[in-house]
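One letter stands for each residue in the lines below.
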Amino acid sequence: MLMTNQQMDFFLKKIVDKKNIMLTITEKCNIKCAHCNKSSSPENSGEVMSKKTINYIFNQINNEWTVDIFGGEPMLYPDTAIYIAKKCHEKNIMFELLTNGFWGSDRKLIKLVKEKIKPTVINFSLDSFHNIDYKILINLVEEFKDNKDIIITFTTVIGHLHPKSDEFKKYNITNIYDPLINTGRSEKYCKYSIIRGPKIIWCGVLGFDVRVDNSLYFQCANKNGCKISNNILKENINKIYNKYVFNIPKFKISRNQIIPNIYSICEQSKLYYKWNDPTYVEKLSDEKYEKLKKNWIMDS
Ligand code: SF4
């Protein structure tokens, strides 16, 4: 699947500029993955992000920003996803729907995504943790593979390739590799500690995550760390961005290599990840870490 220039711009804004707001619209999920760092499950409360919060955020952001619609599983609450999508379309903001893909053979939900949500990107999970029948995911890919306006990508947890991942190769889908974040149910699977502290040199998933209770985190954090605000309704998003995200990593990026060139460093754990290699996690020596630190200016 070839990305259009507009879709490339989405990734540049999101990953390089890091002007990204992830809206965790629910912590409920239809499944209960063993590694879920938000401990989402069918038993979780069905509380959904309020329109007041959504309106507050959209009053402050413009199309320099990108938005993620996330959960839990956001497609359990398509009305909220549609509400956010409408806001994005009104302001010409590109956005991503992050999902486990359970709706890949549900005609009604597919129609809603194609005709009402119309995200710039659909990213679905594809790894050994996610218990969604891969045939449903193949169906989802088939539904969108010729849709020029919506690009499909998938995310795999580093080191946990889906047993049927070969079946997806022919679609030439960009695969994003994410490390585990050791909060929630994920803790016991973390081979390395990857606690993300408030001082981040650069993190591939850095942006902001607004939760259902209006609290604000760095995207790479979770309930155990990097909480920025207790109540997003009292914060100015652009001020937060200027305070925390003012340094762009100095790596060269070409349009057709946007994902393969991405890597992350976590200051707290001194771990180095490559997004294009599912098995690569390097524990940096102090010397190498200090060398990298010199080139990449820190925020604090
Ligand atoms: S990892 Fe994703 S799909 Fe799995 S339980 Fe958590 S929110 Fe649901």
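Throughout, a residue's number is its position along its own chain's written sequence, starting from 1. In keeping with the model being predicted, local features are shown solely for residues with a pLDDT of at least 70 and side-chain atom pairs are shown and tallied solely at 80 or more, while totals for entire chains, interfaces and linings include all residues.

### Quick word on the overall build of the protein
Part 1 of the reasoning: Across its full length, the protein carries seven helices and 12 strands.
Part 2 of the reasoning: Placing C-beta atoms from the backbone, we regard two residues as in contact once those atoms come within 7 Å. Of the contacts formed within the protein by residues at least 6 apart in sequence, a portion of 71% connects residues at least 24 apart. A helix here means a DSSP run of H or I that spans at least four residues, while a strand means a run of E at least two residues long, and both kinds are numbered starting from the N terminus.

### Some words on the environment of I150
Part 1 of the reasoning: Mapped onto the fold, I150 is located in the loop between α5 (134-144) and β5 (151-157).
Part 2 of the reasoning: Remark: the alpha-carbon pair of I150 and T120, spanning 30 residues in sequence, is separated by 5.1 Å.
Part 3 of the reasoning: Here I150 is in contact with K118, P119, I122 and F144, once residues within four sequence places are set aside.

### Quick word on the site of the ligand
Part 1 of the reasoning: Any residue qualifies as near a molecule or strand once its backbone-derived C-beta atom lies within 6 Å of it. For the ligand, the set of nearby residues contains 13 residues, the closest of which are C29, C33, C36, S40 and N100.
Part 2 of the reasoning: Considering only residue class, the shell around the ligand consists of four nonpolar, six polar and three charged. Think of it as three bins: nonpolar holds Ala, Val, Leu, Ile, Met, Phe, Trp, Tyr, Cys and Pro, charged holds Asp, Glu, Lys and Arg, and polar takes everything else, Gly as well.

### Re the pairing of strand β2 (residues 66-70)
Part 1 of the reasoning: For β2, a buried count of five out of five residues is recorded, marking the element as mostly surrounded by other parts of the structure.
Part 2 of the reasoning: The alternating pattern of β2 places T66, D68 and F70 on one face and V67 and I69 on the opposite face, and all of these are buried.
Part 3 of the reasoning: Taking the sense of rotation as the criterion, the β-α-β connection linking strand β1 (residues 20-24), helix α2 (residues 51-58) and β2 turns out right-handed.
Part 4 of the reasoning: By this definition, two strands are paired if DSSP reports at least two bridges between them. Across four bridges, β2 lies against strand β3 (residues 94-99) in parallel orientation. Along β3, the bridge assignment pairs V67 with F95.
Part 5 of the reasoning: As for the winding sense of the linkage, the β-α-β connection from β2 through helix α3 (residues 78-91) to β3 is right-handed. Three exposure classes are used, all based on how many other C-beta atoms lie within 10 Å of a residue's own C-beta (placed from the backbone): buried at 20 or more, exposed at 12 or fewer, and partly exposed between those limits. With the strands pointing away from the viewer, any crossover whose connection runs clockwise from the first strand over the helix to the second is right-handed.

### Remarks on the packing of α3 against helix α4 (residues 107-117)
Part 1 of the reasoning: Lines are fitted to the C-alpha atoms to define the axes, a helix being fitted only along its stretch in contact, and any angle between axes, read from their N-to-C directions, falls within 0 to 180 degrees. At their nearest, the axes of α3 and α4 sit 10 Å apart, and the two run at 15° to each other. On the basis of the axis angle, α3 is roughly parallel to α4. In this structure, α3 meets α4 at a crossing whose hand is right-handed. Residues P78, A81, I82 and A85 of α3 touch α4, and the partners they reach there are L109, L112, K116 and I117.
Part 2 of the reasoning: Residues belonging to the contact of α3 with α4 are distributed by class as follows: seven nonpolar, no polar and one charged. Geometric relationships in this document are graded by angle, where less than 35 degrees denotes roughly parallel, more than 145 denotes roughly antiparallel, 65 to 115 denotes roughly perpendicular, and other angles denote oblique. Here is the rule for handedness: rotate from the far helix to the near one, and if that takes an anticlockwise turn smaller than a right angle the crossing is left-handed, while a clockwise turn gives right-handed.

### Quick notes on the nonpolar core
Part 1 of the reasoning: With 47 residues, the main nonpolar core has I21, L23, V67, I69, A81, I84 and V210 as its most contacted residues.
Part 2 of the reasoning: Per element, the largest residue contribution to this core is four residues, and it comes from α3.
Part 3 of the reasoning: Excluding residues that lie within four positions of it along the chain, I21 makes contacts with I57, I61, W65, V67, G207, F208, V210 and I237. A set of buried residues drawn from Ala, Val, Leu, Ile, Met, Phe, Trp, Tyr and Cys, joined through C-beta atoms within 7 Å, is what defines a nonpolar core.

### Side note on the confidence of the model for the protein
Part 1 of the reasoning: With 74% of its residues at a pLDDT of at least 70, the protein reaches an overall mean of 81.
Part 2 of the reasoning: Contacts for the low-pLDDT stretch residues 192-202, under 50 throughout, to residues beyond four places or in other chains number 46 contacts.
Part 3 of the reasoning: Scored from 0 to 100, pLDDT records how confident the predictor is in each individual residue. Here residues 247-261 is a poorly scored stretch, pLDDT under 50, and it has 20 contacts once near neighbours within four places are set aside; other chains count.

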